[in-house]
Amino acid sequence: MLKNIGIDITTLNPDYFGGSDTYSNGLIKGLLAQKSNFNYQIYLTEEYLKKRKFKKSKKVKFITFNYNFYEFILLKIYNRILPVISIFIGNLKFTVDYYLRNFINKRLTEKINKNSDILFAPNVLLPSYNLKVKTFLNIQDIQHVHFPKFFSKLENLRREYMYFNSLKYSNELICSSNVIKKDIK
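For the rest of this paragraph, the subject is helix α1 (residues 20–33). For α1, with 14 residues, the first-to-last C-alpha span of 20 Å sits near the 20 Å given by 1.5 Å per residue. Turning to α1, its buried residues number three or more, namely S20, D21, S24, N25, I28 and L32. Mapping the buried residues of α1 onto a view down its axis gives an arc of 125°, with all of them on the same face. Summarising the contacts, the buried residues of α1 are in contact with β1 (4–8), β2 (39–44), α2 (46–51) and β3 (60–64).

Here the focus is the environment of S177. As for its position among the elements, S177 is in the loop between β6 (172–175) and α8 (178–184). Residue S177 is classed as partly exposed on the basis of its relative accessible area, which comes to 29%. C-alpha separation for the pair S177 and G90, spaced 87 residues apart in sequence, amounts to 31 Å.

Moving on, we get to the packing of aromatic side chains. Any two aromatic rings considered together are summarised by their centre-to-centre distance and by the angle between their planes. Here the structure, examined in full by the defined rule, presents 10 aromatic pairs. Both rings, one in F54 and one in F62, keep their centres 5.1 Å apart while their planes meet at 35°; by these two values the pair is tilted. For F54, a relative accessible area of 13% corresponds to the buried category. Seen in terms of ring centroids, F65 and Y67 are 5.2 Å apart; in terms of plane orientation they differ by 80°. Their pairing is edge-to-face. For F65, a relative accessible area of 3% translates into the label buried. Assessed through its relative accessible area of 30%, Y67 is described here as partly exposed. Aromatic rings pair up to connect Y98, Y99, Y129 and Y169 into one cluster.

Basis of the calculations
Residues numbered from 1 in each chain as written. Predicted model: local features only at pLDDT ≥ 70, side-chain atom pairs only at ≥ 80, totals over all residues. Heavy atoms only, no water. Helix = DSSP H or I, 4+ residues; strand = E, 2+ residues; numbered from the N terminus. Expected span 1.5 Å × (residues − 1). Buried < 20%, exposed > 50% of the residue type's maximum accessible area, 1.4 Å probe, protein only. Arc of directions from axis to C-beta. Contact = heavy atoms within 4.5 Å. Phe/Tyr/Trp six-rings, centres within 6.5 Å; stacked < 30°, edge-to-face > 60°.

So this is what it looks like as structure tokens:
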């Protein structure tokens, strides 16, 4: 039986209060208030854990993850260069994103696979696409599809392959509305 539920908030900015952050923190507080047989693993950065005050509980384990120097450099390259390259490589961008994201987040993936039976990703994107645990992805919007002018050309390209792969490799989707559900279908 599944009893270890992971929640990935590693990409949340500890200095931002709103949107996905508010939703994720409300979700965590709600789960902590439940009387259940589940154990929770919250994956977050050290900085986020220091700046936010979470209620202590025997059922919750806060697992910190920070990129090491090499992963950080690769992540910067991934975020800045892959969108440019994706213009020239067409649909190969989905495959390149798959392998790069999995490589960069290998240590995080290992932590998740070791500690959790399922992973809930409330912040729209999976941390990696090759998780061995069942994944639930929360989709709040796909603004880049409906309002591409809100984003730069490179951000639209990045969102295209990251959202596509996150949707493709998640086991279950949680949509914030029927409109989003219809869009994804």
